[in-house]
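What follows is each chain in one-letter form.
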Amino acid sequence: MLRNKQQYAQITAIGGYLPTTRRTNADLERLSDTSDEWIMKRTGIKERRILEDGLATSDMAVEAIKELCATYQKDITTIDALLVATSSPDMPMPSTANIICDKLDLTQVWAFDMNAACSGFLYALDMGAALVETGRYKNVVVVGADKISSYVDTTDRSTNILFGDGAGAVWLEPSKETGVLDALLLSDGKGIEYLNIKGGGSRYPYAMENWDSTHRYLQQDGKVVFKNAVTAMSQACQSLLDQNGLTVEDVNWLVAHQANKRIIDAVGKELGIEEEKALNNITYSGNTIAATIPLCIWEYKNQLKKGDLLLLTAFGAGFSWGASLLQWNI
Ligand code: UT7
């Protein structure tokens, strides 16, 4: 049984933004000991977009929200809550959500950031949906945005191949019929050492003595993350389907966090979902952290039909992971 809600939060508009500058595999061949062939075979990525110096996560989020408003004729001034999922805020404070509001001339908005790394958008979507379901908020915008290139060592082939910048946004409104149906979101600190950016927080502030310069970069043990990602996303999806009395046959589209094409394929295989149902846009965007899921749906929006059931799943630092079920209604 799908959870019976008095009121659903429904996605009524979606927008996205990718920077124009491309970092291709050929660029990476010049920066580190790697090859286009290896990267394509092991990740499915051909290029990533990189935001120029001087611009920040909020600038991409603003573009994504403006694109959404222009495409779906939404009035920006009616936004009453803004949630921003990001691991690369413009600055430690104030929140990137605040900065976005300032850029959009919004002064009466409940706005803050959430950091659940690559799972951030799913966490924020669940939170945004809950706000709508209470009846207290009617136009809630949920953004996933990351300028993760600020933390990538361009000479480190274990990370430079994967990550790129981008932003995606959805607009949530109340509906009596359908929308965000359910979510299962989890976290477990056993993953902290396998994927992190240590520097710049209160434990390793930039001004500390004996500053370790590697702390400014994203570090990961790719193999450990890979294995955990496949198991955790598959299990979360299956549990969420089970608790709603559904099977993979009911799912029209699987939208997995775009970390590595092999991870997306492995999750699809584990769940027994046909390959054509698993959306992917990783080849030309790479892993954009909190932005991958909204960006992927945005790119495929013309293929989605009203009433389609979408199963979303993500995995990231923490570890944090989970799955969401929603019925498309645009
Ligand atoms: O968003 C969530 C966060 N991140 C992820 O989900 C990422 C998860 N992990 C991955 O995507 C993969 O583990 C990577 C793409 C990072 C690495 O792929 P892999 O298939 O796990 O490669 P590996 O580390 O097992 O390395 C295999 C071989 C090694 O050589 P030997 O020991 O077999 O001779 C590496 O030294 O490939 C070598 N290698 C490379 N060669 C060319 C590792 N990285 C590269 C590279 N270019 N970039």
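Residues numbered from 1 in each chain as written. Predicted model: local features only at pLDDT ≥ 70, side-chain atom pairs only at ≥ 80, totals over all residues. Heavy atoms only, no water.

Tracing the backbone shows Lys301 in the loop between helix H9 (292-299) and strand E12 (309-316). For Lys301, which is buried and forms no salt bridge, the nearest opposite charge comes from Glu67, at a distance of 4.7 Å. (Helix = DSSP H or I, 4+ residues; strand = E, 2+ residues; numbered from the N terminus. Buried < 20%, exposed > 50% of the residue type's maximum accessible area, 1.4 Å probe, protein only. Lys, Arg positive; Asp, Glu negative; His and termini not counted. Salt bridge = Lys/Arg side-chain N within 4 Å of Asp/Glu carboxyl O.)

Turning to the sheet that holds E12, a few remarks are in order. The 4 strands are arranged E8-E13-E12-E11 in an open sheet whose pairing can be described as mixed. What marks the edges here is a single partner per strand, and that holds for strand E8 (180-187) and strand E11 (253-256). Going across the sheet, the axis of each strand differs from the next one's by a mean of 10°, ignoring polarity. Pairing analysis gives 4 bridges linking E11 to E12, with the strands arranged parallel. Note that in E12 the partner of Leu254 across the bridge is Leu311. Sheet strands touched by helix H6 (residues 222-243): E8, E11, E12 and strand E13 (320-327). Its angle to E12, the strand with the most contacts, is close to 145°. (Pairing = 2+ DSSP bridges. Axes fitted to C-alpha atoms, helices over the stretch in contact; angles between N-to-C directions. Contact = heavy atoms within 4.5 Å.)

Further remarks concern the domain arrangement of the protein chain. What the domain assignment lists for the protein chain is domain 1 (8-176) and domain 2 (182-327). When each unit is reduced to the centre of its C-alpha atoms, the spacing between domain 1 and domain 2 is 14 Å. With 48 residues of domain 1 in contact, the opposing surface of domain 2 contributes 43 residues. Taken together, the two surfaces of domain 1 and domain 2 that pack against each other cover about 3600 Å², and 65% of this comes from carbon and sulfur. Contact with domain 2 buries area across many residues of domain 1, yet Cys118, Leu122 and Tyr151 alone supply 19% of it, more than any other trio. Across the contact surface, domain 1 and domain 2 share 0 salt bridges. On the surface where domain 1 and domain 2 come into contact, there are 17 residue pairs in polar contact (both at pLDDT 80 or more). (Domains from an automatic or database assignment. Buried area = accessible area lost by both parts, 1.4 Å probe. Polar contact = N/O pair within 3.5 Å; in protein donor to acceptor, adjacent residues only side chain to side chain.)

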